[in-house]
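In case you want the letters, here they are:
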Amino acid sequence: MQIETERKFLISYPDTDILLSQKEVEIKEIVQTYLLSEKDVTDRVRKVISNGVETYIRTQKKRISHLSCFEDEKIITYDEYEKLLEKADRNLSVIIKTRYVFPYKEHIIEIDVYPFWDDRAILEIELKEENEVFGIPEFISVIKEVTDDKRYKNSRLARDIPNDVI
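Computed from a prediction, not measured in an experiment: that's the story for all the values here. (Residues numbered from 1 in each chain as written. Predicted model: local features only at pLDDT ≥ 70, side-chain atom pairs only at ≥ 80, totals over all residues. Heavy atoms only, no water.)

Colleague: Looking at this structure, I do not really get the overall build of the protein chain. What am I missing?
Modeller: A tally of regular secondary structure across the protein chain gives three helices and nine strands. Going residue by residue from the N terminus, the α and β elements of the protein chain occur as β-α-β-β-β-β-α-β-β-β-β-α. The C-alpha atoms of the protein chain give a radius of gyration of 16 Å, which matches the 15 Å a tight globule of 166 residues would have. Projected onto the principal axes, the alpha-carbon positions of the protein chain cover approximately 45 × 35 × 35 Å. (Helix = DSSP H or I, 4+ residues; strand = E, 2+ residues; numbered from the N terminus. Rg over C-alpha atoms; globule rule 2.2 N^0.38 Å.)

Colleague: Which parts of the structure should I look at to understand unusual backbone geometry?
Modeller: Residues apart from glycine generally show negative phi values, whereas peptide bonds are mostly found in trans. One non-glycine residue, Asp-40, adopts positive backbone phi at about 70 degrees. Looking at the element boundaries, Asp-40 is found in the loop between β2 (26-34) and β3 (42-50). Exposure remark for Asp-40: the relative accessible area of 53% places this residue in the exposed category. A positive phi angle, close to 55 degrees, is found at Asn-51, a residue other than glycine. Along the polypeptide, Asn-51 turns up in the loop between β3 and β4 (53-63). Taking the relative accessible area as the measure of exposure, Asn-51 reaches 75% and is therefore exposed. (Buried < 20%, exposed > 50% of the residue type's maximum accessible area, 1.4 Å probe, protein only.)

Colleague: I would appreciate a short explanation of the pairing of β4 in the present structure.
Modeller: Two faces make up the sheet, and in a regular strand the side chains alternate between them. Two strands pair when backbone bridges link them, and β3 and β4 are joined in this way by nine bridges, in the antiparallel orientation. By the bridge assignment for β4, Lys-47 is matched with Tyr-56. Hairpin connection of β3 to β4: two residues between the antiparallel strands, including Asn-51 at a positive phi of 55 degrees. Of the pairings in the sheet, the one linking β4 to strand β5 (residues 68-76) comprises eight bridges and is antiparallel in character. The residue bridging Lys-61 from the neighbouring strand is Glu-71, located in β5. Between β4 and β5, which pair antiparallel and follow one another directly, the connecting turn spans four residues. (Pairing = 2+ DSSP bridges.)

Colleague: Any chance you could explain the layout of surface pockets here in plain terms?
Modeller: Remark: the empty space left among the atoms is shown by a probe the size of a water molecule rolled over them. Space inside the largest pocket adds up to approximately 1,200 Å³. Per element, the largest residue contribution to the lining of the largest pocket is seven residues, and it comes from β3. Taken together, the residues of the lining of the largest pocket break down into eleven nonpolar, nine polar and 26 charged. (1 Å grid on protein atoms, 1.4 Å probe; cavity = no way out; pocket = protein on both sides within 12 Å on 5 of 7 lines; lining within 4 Å. Points joined across faces, edges and corners; volume = space filled by probe spheres on them. Nonpolar A, V, L, I, M, F, W, Y, C, P; charged D, E, K, R; others polar.)

Colleague: So what exactly am I meant to see when it comes to the side chain of Glu-4 here?
Modeller: Examined against the element boundaries, Glu-4 turns out to sit in strand β1 (residues 2-12). For Glu-4, a relative accessible area of 7% puts it in the buried group. Setting aside anything within four residues of it in sequence, one finds Glu-4 in contact with Lys-61, Leu-67, Ser-68, Cys-69, Glu-71 and Glu-126. (Contact = heavy atoms within 4.5 Å.)

Colleague: Please clarify how a nonpolar patch on the surface should be interpreted in this entry.
Modeller: The grouping of Met-1, Ile-3, Ile-64 and Phe-70 at the surface amounts to a nonpolar patch, some 430 Å² of accessible area in total. Structurally, Phe-70 can be placed in strand β5. (Patch = residues over 30% accessible without salt bridge, like charges linked within 9 Å, V, L, I, M, F, W, Y side chains within 5 Å. Areas by Shrake-Rupley, 256 points an atom, 1.4 Å probe, with all protein chains shown as cover. Salt bridge = Lys/Arg side-chain N within 4 Å of Asp/Glu carboxyl O.)

Colleague: Just checking my understanding: could you explain the nonpolar core for this structure?
Modeller: The nonpolar side chains of a soluble globular protein tend to be buried, and buried together. Counting 14 residues, the largest nonpolar core has Ile-11, Leu-19, Ile-109, Ile-111, Leu-123 and Ile-140 as the members making the most contacts within it. Contributions of two or more residues to this core are made by β1, β6 (95-104), β7 (107-113) and β8 (120-127). Here the element with the most residues in this core is β8; it accounts for four residues. The contact partners of Ile-111, leaving out residues within four places of it in the chain, are Ile-11, Pro-14, Leu-19, Thr-98, Arg-99, Tyr-100, Phe-102, Ala-121, Ile-122, Leu-123 and Ile-140. In terms of nonpolar packing, the next biggest core, distinct from the first, is built from eleven residues, Ile-95, Val-146, Tyr-152 and Ala-158 among them. (Core = buried A, V, L, I, M, F, W, Y, C linked by side-chain atoms within 4.5 Å.)

Right, here's the structure in full:
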């Protein structure tokens, strides 16, 4: 189990041509399903398609601060994935998104584009420590930081999609 520290930003819908032009960009098509889990633990499985290759991942998270959580993430087989889908939380929708991943300075930028929004997306940046200095590419228009806004966590988006005016 490792500690994941990240900041999250609501951004204007990005120019995907600019994203695709980034050095070493990787595009991931993600289907994310939340599983029934104990209180204060997020348990999910993902099918990730990148460069035509399907990968299945199970992730369990337990929050330890507003920026950090314990994270246990492992690659699983297709059969394990299918079996875990039987434990899906039926109160939550499956999240489908396209993720653009690319290096920026000393960090990795992840931009998630969702089919239910045409005016916004989410940018995440993983940090080594909570007070680490980082930058955001100038071609990204940040609306606001949403690290502490639970409405923009994927597990909450699976329940209710905020469509507030931006």
